[in-house]
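# Residue-level structure breakdown
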Amino acid sequence: MTQAAQEAVAPPTLVVRGLRKSFGSEEVLQGIDLTVARRELVFVLGPSGSGKSTMLRCCNRLEEPDAGEITLEGDPVTGPKVDVNQLRRRMGMVFQAFNLYPHLSALSNVTLALRKVRGLPRPEAEAMGLTALDRVGLKAKAASYPAHLSGGQQQRVAIARALALEPSVMLFDEPTSALDPELVGDVLAVMQDMKAQGMTMLVVSHEMKFARDAADRVIFMDAGRIVEQGTPEQIFETPHHERTQTFLARFSGRG
Amino acid sequence: MEAILTQFFNVEIMVKALPLVLQGLGITLLICVVVIPLGLVGGLLAALAAVSRNRAVRWSAIALVDLFRAVPPLVLLIFIYAGLPFAGLSLSPFAAVAIGFFLNNSAYFAEIFRAGLLSVHKGQAEAARSTGLTQNQTLIHVVLPQATRNVLPDLMSNVVEVIKLTSLASVVSLGEMLHAAGLVRSLTYNASPLVLAAGIYLAMLWPLVRLISRFERRIAS
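Below is a summary of the structure that appears in this document. (Residues numbered from 1 in each chain as written. Chains lettered and ligands numbered in written order. Predicted model: local features only at pLDDT ≥ 70, side-chain atom pairs only at ≥ 80, totals over all residues. Heavy atoms only, no water.)

## Details of the overall build of chain B
The condition is simple: Put simply, DSSP H or I for four residues or longer makes a helix, DSSP E for two residues or longer makes a strand, and each gets a number counted from the N terminus. For every residue, the accessible area (1.4 Å probe, protein chains only) is compared with the maximum for its type, and the residue is labelled buried under 20%, exposed over 50%, or partly exposed between those bounds. Note on contacts: a residue pair qualifies if any of its non-hydrogen atoms lie within 4.5 Å across the two residues. Here the open area of atoms and residues is found with the Shrake-Rupley method and a 1.4 Å probe, where only the protein chains shown may cover a residue. Charge convention: Lys and Arg are scored as positive, Asp and Glu as negative, and His as well as the terminal groups of each chain are ignored. Working definition for charges: the position is that of NZ of Lys, CZ of Arg, CG of Asp or CD of Glu.
Within chain B one finds 10 helices and 0 strands. The helix and strand sequence of chain B, counted from the amino end, reads α-α-α-α-α-α-α-α-α-α. Counting only C-alpha atoms, chain B reaches 70 × 50 × 25 Å along its principal axes. A burial count over chain B gives 40% of its 221 residues as buried. Pairs at least 24 residues apart make up 76% of the contacts formed inside chain B by residues separated by at least 6 positions. Accessible area for chain B stands at about 11,700 Å²; split by element, carbon and sulfur atoms hold 70% of it. Charge separation in chain B, taken as the distance between the mean sites of 15 positive and 9 negative side-chain charges, equals 11 Å.

## A closer look at the sheet that holds strand β2 (residues 26–36) of chain A
Residues and elements named next belong to chain A. Note the threshold: Paired strands, in this sense, are two strands between which DSSP finds at least two bridges. Lines are fitted to the C-alpha atoms to define the axes, a helix being fitted only along its stretch in contact, and any angle between axes, read from their N-to-C directions, falls within 0 to 180 degrees.
An order of β2-β1-β4-β5 is seen for the 4 strands of this open sheet, with the pairing classed as antiparallel. The sheet is open, and its two edges are formed by β2 and β5 (75–76), each paired on a single side. Note that strand β1 (residues 14–23) and strand β4 (residues 67–72) share 5 bridges and pair antiparallel. Each residue of the ladder has a partner; that of valine 15, found in β4, is threonine 71. Against the sheet, helix α2 (residues 52–59) touches β1, β2 and β4, its axis set at about 120 degrees to β1.

## A closer look at the environment of proline 167 of chain A
All names here are of chain A. Tracing the backbone through its elements, the reader meets proline 167 in the loop between α6 (151–163) and β7 (169–173). A sequence separation of 114 residues divides proline 167 from serine 53, and the C-alpha atoms of the two residues are 19 Å apart. Beyond its immediate chain neighbours, meaning those up to four positions away, proline 167 contacts Arg89, Arg90, Met91, Gly92, Ala162 and Met199.

## Here's the deal with the side chain of asparagine 99 of chain A
Note the threshold: The definition of a polar contact used here is a pair of N or O atoms within 3.5 Å, where within protein one atom must be able to donate a hydrogen and the other to accept one, and adjacent residues in sequence count solely through side-chain atom pairs.
In this structure, asparagine 99 of chain A sits in the loop between β6 (91–94) and α4 (106–116). Assessed through its relative accessible area of 8%, asparagine 99 of chain A is described here as buried. Only 3.1 Å separates the side chain of asparagine 99 of chain A from the backbone oxygen of glycine 123 of chain B, close enough to count as a polar contact. Residue contacts for asparagine 99 of chain A: discarding those within four places in its chain leaves Arg161 of chain A together with Gly123, Gln124 and Ala127 of chain B.

## Structural notes on the side chain of glutamate 176 of chain B
Residue and element names in this part refer to chain B. Position of glutamate 176 among the secondary structure elements: in the loop between α8 (152–165) and α9 (177–188). One polar contact links the side chain of glutamate 176 to the main-chain amide nitrogen of leucine 178, over a distance of 3.0 Å. Contacts of glutamate 176, omitting those with residues within four sequence positions, involve Gly24, Ile27, Thr28, Ile31, Thr166, Ser167, Ala169, Ser170 and Tyr201.

## Notes on the packing of aromatic side chains
Residue and element names in this part refer to chain A. Under the convention used in this document: By convention, a stacked pair of Phe, Tyr or Trp rings (six-membered ring in the case of Trp) has centres within 6.5 Å and planes under 30 degrees apart, an edge-to-face pair has planes over 60 apart, and any other such pair is tilted. Think of it as a cone above the ring: NZ of Lys or CZ of Arg counts as a charge over the ring if it is within 6 Å of the ring centre and within 35 degrees of the ring normal.
Applying the stated criterion across every chain, the model contains 2 aromatic pairs over all chains. Here the aromatic rings of phenylalanine 43 and phenylalanine 210 are separated by 6.5 Å at their centres, their planes lie at 45 degrees, and the arrangement is tilted. In this pair, phenylalanine 43 is assigned in strand β3 (residues 41–45) and phenylalanine 210 in helix α8 (residues 208–214), connecting sequence segments 167 residues apart. Each member of the pair, phenylalanine 43 as well as phenylalanine 210, carries the same accessibility label: buried. Sitting over the ring of tyrosine 101, arginine 161 keeps its end group 4.6 Å from the ring centre.

## Focus: the layout of surface pockets
All names here are of chain B. Under the convention used in this document: A 1.4 Å probe that fits but cannot get out identifies a cavity on a 1 Å grid over protein atoms alone, an open set with protein on both sides within 12 Å along at least five of seven lines counts as a pocket, and a residue lines either if it has an atom within 4 Å of a point. Grid points are joined across faces, edges and corners, and a volume is the space filled by probe spheres set on the points. In the scheme used here, Gly and all other residues not listed as nonpolar or charged are polar, with Ala, Val, Leu, Ile, Met, Phe, Trp, Tyr, Cys and Pro taken as nonpolar and Asp, Glu, Lys and Arg as charged.
Estimates place the volume of the largest pocket at around 950 Å³. Forming the walls of the largest pocket are 21 residues, and the residues nearest its centre are Val51, Arg53, Ala125, Arg129 and Gln135. The set of elements that each furnish at least two residues to the lining of the largest pocket consists of α5 (93–119), α6 (122–130) and α7 (135–150). Here the lining of the largest pocket is built from residues that sort into 9 nonpolar, 6 polar and 6 charged.

## Observations regarding empty space enclosed by the protein
A complete count under the given rule lists 1 cavity of 30 Å³ or more for this structure. In terms of lining, the largest cavity is formed by Met91, Gly92, Met93, Phe95, Ala158, Arg161, Ala162 and Leu165 of chain A together with Ala127, Ser130 and Thr131 of chain B. Sorting the residues of the lining of the largest cavity by element identifies β6 and α6 of chain A together with α6 of chain B as the ones contributing at least two each. Of the residues in the lining of the largest cavity, the class split is 7 nonpolar, 3 polar and 1 charged.

## Some thoughts on the sheet that holds β6 of chain A
Residues and elements named next belong to chain A. Taken together, the 6 strands give an open sheet; going across it, the order is β6-β7-β8-β3-β9-β10, and neighbouring strands pair in mixed fashion. This sheet does not close on itself; its edge strands, each paired only once, are β6 and β10 (225–230). Strand after strand, the sheet turns through a mean of 20 degrees between neighbouring axes, direction not considered. In this sheet, strand β9 (residues 217–222) lies alongside β3 in parallel orientation, the contact comprising 4 bridges. Looking at β9, one finds that leucine 45 is bridged to phenylalanine 220.

## Describing unusual backbone geometry
Backbone geometry at glutamate 174 of chain A places phi at a positive 45 degrees, although glycine is not the residue there. Residue placement: glutamate 174 of chain A occurs in the loop between β7 and α7 (181–196). For glutamate 174 of chain A, a relative accessible area of 13% corresponds to the buried category. For tyrosine 189 of chain B, which is not glycine, the phi dihedral falls at a positive 50 degrees. Mapping tyrosine 189 of chain B onto the fold places it in the loop between α9 and α10 (192–220).

Below, the structure is given as structure tokens:
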């Protein structure tokens, strides 16, 4: 089979079915169905408290779903017999607060999982780590510690840390929300570059311009449900649902 | 003035006491070498239990830590050495000191480690787990190094406390430095050996205390 034919029959990268999650008496996810195809960039939009981040965190089980099924390239993510650590290395995650390890250099941040999870010897891990840092434009900062990097640089190192594991999908949880406005651009440029290289991405963010430029599909979530989805043009130009319209009206003038 | 000098700073007596006091210093150091690592390991394990997600494990660890922080170490030591034989368990002075200090130290080190573990942001462990590291790998490579660094001055201060506290071993006739100095004092009716011992403690601990202050300043900055 050609590569294209293989991709045609391969299962979608990420499939979420009937995902539910409650915190105490509040049901923050009320049945989410979502499919992310290979090489697709799905952008998730919605007011705070709509469950976007929880949905993302359920995908790699940083939050344990109460109900529902998740598969990664056809392999079950949920279920009692799943080796969650093996699955997580196939799903990169980028956090709002970067969460770089402050006691390790940029390069060691990137190589820790390569060495401990993939079991690579140090020279090999460092070669891969430098390649990943190069992809985010920070090879020169390999020896720097997080405290000596700007927020934008820290977030790019965090992206390199996830990228180095060669994941099948990257999950972004508001990757630019904690950044000063002038530093946002560098991070988005790296994400756009990843998209161009064919990375499958699920992005929770408020960067509308990025959604217009890079997203294949935009999902609008509210109160624990997917309210509406479509191409960026559909969602931004002709939103059908009233809640989408209200939300976007508040954001017009931004991004 | 003259009396103070002959009673407390009598060089002649200090010189005579020196061999015995140094022998005592050897035992003090031996106690330290045994009880400090024991206390650090015990404290770390108790701290991990005290932040465990399992409620039974958590509460028993907290109860034990509270108990041994509340019991005066002198009472604990006397109980282990003089009380346990009535329950059929006779221990050598050294074993009694090792066990007593293990219980007391672990409790104090546990409180420090617990504060350290709680000082590490939850996002650190989440980031590590998201890359596929197991819970233990996350603890060893990500959480513990930061936790320890955050409370290093407190850990070192407690080490200084423990070194000073080893003088309590004299109550179970373990011949550590204070016990040796006290012995010479009772033979010579002169307190200078105690001053000698105090001087040795000072020489030993002062550099350590200075070092702690430097660490504290570095962490604060």
